[in-house]
Amino acid sequence: PRVRRQRQMCIRDSSNTFDPQVYVDQLTELAQIARKNGLLALEEKGNEQENSFFKQAIMLVVDNNDPERVRSILENEIEQTSERHQAVIAMYERGSNAAPAFGMIGTLIGLINMLKNLDGADMNSLGPDMAVALITTFYGSLLAHVVFNPIAANLTARDEEEILCRQIIMEGIMAIQSGENPKFLRERLLTFMNEKQREGGEAAEGADDGGKKRRGK
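Residues numbered from 1 in each chain as written. Predicted model: local features only at pLDDT ≥ 70, side-chain atom pairs only at ≥ 80, totals over all residues. Heavy atoms only, no water.

(A) Structural context of the overall build of the protein chain. Broken down by element type, the protein chain carries eight helices and zero strands. Helices and strands in the protein chain line up, N terminus first, as α-α-α-α-α-α-α-α. Sorting the 217 residues of the protein chain into buried and exposed places 31% on the buried side. Here the protein chain displays about 13700 Å² of accessible surface, and carbon together with sulfur accounts for 53% of that area. (Helix = DSSP H or I, 4+ residues; strand = E, 2+ residues; numbered from the N terminus. Buried < 20%, exposed > 50% of the residue type's maximum accessible area, 1.4 Å probe, protein only. Areas by Shrake-Rupley, 256 points an atom, 1.4 Å probe, with all protein chains shown as cover.)

Right, dumping it as structure tokens:
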């Protein structure tokens, strides 16, 4: 079924990391290469890419496609990816909403059976019967808040990360095709990231520079 394939796709991609700073650095490097050697020089870098979307974007530019056509293809790819993700997220959100309701139904059925047999029943068994009736409510809440909700929240976060990275890739590739200055390109792409992401990227870059200086000594 389609939903099962989508769920397997999400599980398969869960090991991938979507760090916007990494793509900003790569796009800046590609802009420098294109500025010196032309767009055809990007073909080798494109073939090295593991990210299929990034590779597709580079090859569209290398093949000298019209900028409007390139943007249309990439925007459609981003939209289709987001729709696939949202279908899987919605499935878990529906499970989160339905689990407590089914738990309550189980409790009501248990209470009905308990009350039906209450006449002449042993009063010592009243407590255990009540516990059995209420346990389904507990299981329903457990499934909703420990299983379905966290999975939906995690998938939503992953979707936002991937879509952000794809938007950065698209804008960067379009800017490279138009011949934008690498320095200006980097500054513009950084505006897609929030302050925390920028600080994380700057800290990592500073650590790399420090390591290079120590090795140089």
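Having put the structure on the table, let's press on.
(B) Summary view of the pattern of salt bridges. Enumeration according to the criterion identifies eight salt bridges in this entry. Between E75 and R71 there is a salt bridge, with the nearest N and O atoms lying 3.8 Å from each other. Pair noted here: E75 and R71 are both in helix α5 (residues 67–116), with a separation of four residues, about one helical turn. For E75, a relative accessible area of 39% gives the class partly exposed. With a closest N to O distance of 3.3 Å, R166 and E162 form a salt bridge. (Salt bridge = Lys/Arg side-chain N within 4 Å of Asp/Glu carboxyl O.)

(C) The arrangement of α5 in detail. The end-to-end C-alpha separation of α5 is 73 Å, in line with the 74 Å expected for 50 residues at 1.5 Å each. At A98, α5 shows its largest kink, close to 30°, and the proline P100 lies no more than four residues downstream. The backbone nitrogen of E68 lies 3.1 Å from a side-chain oxygen of the residue at the head of α5, namely D66. (Expected span 1.5 Å × (residues − 1). Bend = angle between axes of the 7 residues up to and from the residue. Polar contact = N/O pair within 3.5 Å; in protein donor to acceptor, adjacent residues only side chain to side chain.)

(D) Region of interest: the packing of helix α6 (residues 126–177) against helix α7 (residues 182–190). Viewed as axis vectors pointing N to C, α6 and α7 meet at an angle of 160°, and their least axial separation amounts to 10 Å. As judged from the angle between their axes, α6 and α7 are roughly antiparallel. In the crossing of α6 with α7, the sense of the turn from one axis to the other is right-handed. Taking contact as the criterion, the partners of I168, E171, G172, A175 and I176 in α6 are, on α7, L185, R188 and L189. (Axes fitted to C-alpha atoms, helices over the stretch in contact; angles between N-to-C directions. Parallel < 35°, antiparallel > 145°, perpendicular 65-115°, else oblique. Left-handed = near helix turned anticlockwise from the far one by under 90°. Contact = heavy atoms within 4.5 Å.)

(E) Seen up close, the packing of helix α2 (residues 20–37) against α7. At a minimum axis distance of 9 Å, the contact between α2 and α7 shows a crossing angle of 160°. With respect to α7, the element α2 is oriented roughly antiparallel. Considering the relative orientation of α2 and α7, their crossing is right-handed. Taking contact as the criterion, the partners of Q21, V24, D25, L27, T28, A31, Q32 and R35 in α2 are, on α7, P182, L185, R186, L189 and L190. Of the residues in the contact of α2 with α7, the class split is seven nonpolar, three polar and three charged. (Nonpolar A, V, L, I, M, F, W, Y, C, P; charged D, E, K, R; others polar.)

(F) Molecular detail of the packing of aromatic side chains. For the coordinates displayed, the defined rule picks out three aromatic pairs. Measuring from ring centre to ring centre gives 5.7 Å for F138 and Y139, while their planes differ by 50°; the resulting arrangement is tilted. By relative accessible area, F138 is classed as partly exposed at 47%. Note on Y139: relative accessible area 47%, which makes it partly exposed. (Phe/Tyr/Trp six-rings, centres within 6.5 Å; stacked < 30°, edge-to-face > 60°.)

(G) Quick look at the environment of E187. As for its placement among the helices and strands, E187 is situated in helix α7. For E187, a relative accessible area of 47% corresponds to the partly exposed category. Along the backbone, E187 and T28 are 159 residues apart, and their C-alpha atoms lie at a distance of 9.7 Å.

(H) Structural context of the nonpolar core. L27, L42, F54, I173 and I176 are the most contacted members of the largest nonpolar core, which has 33 residues in total. Taken together, the elements giving at least two residues each to this core come down to α2, α4 (52–62), α5, α6 and α7. Apart from the residues lying within four places of it in its own chain, the contact partners of F54 are Y23, Q26, L27, L30, Q49, I169 and I173. Membership of the second largest hydrophobic core comes to five residues, among which are V88, I89, Y92 and A152. (Core = buried A, V, L, I, M, F, W, Y, C linked by side-chain atoms within 4.5 Å.)

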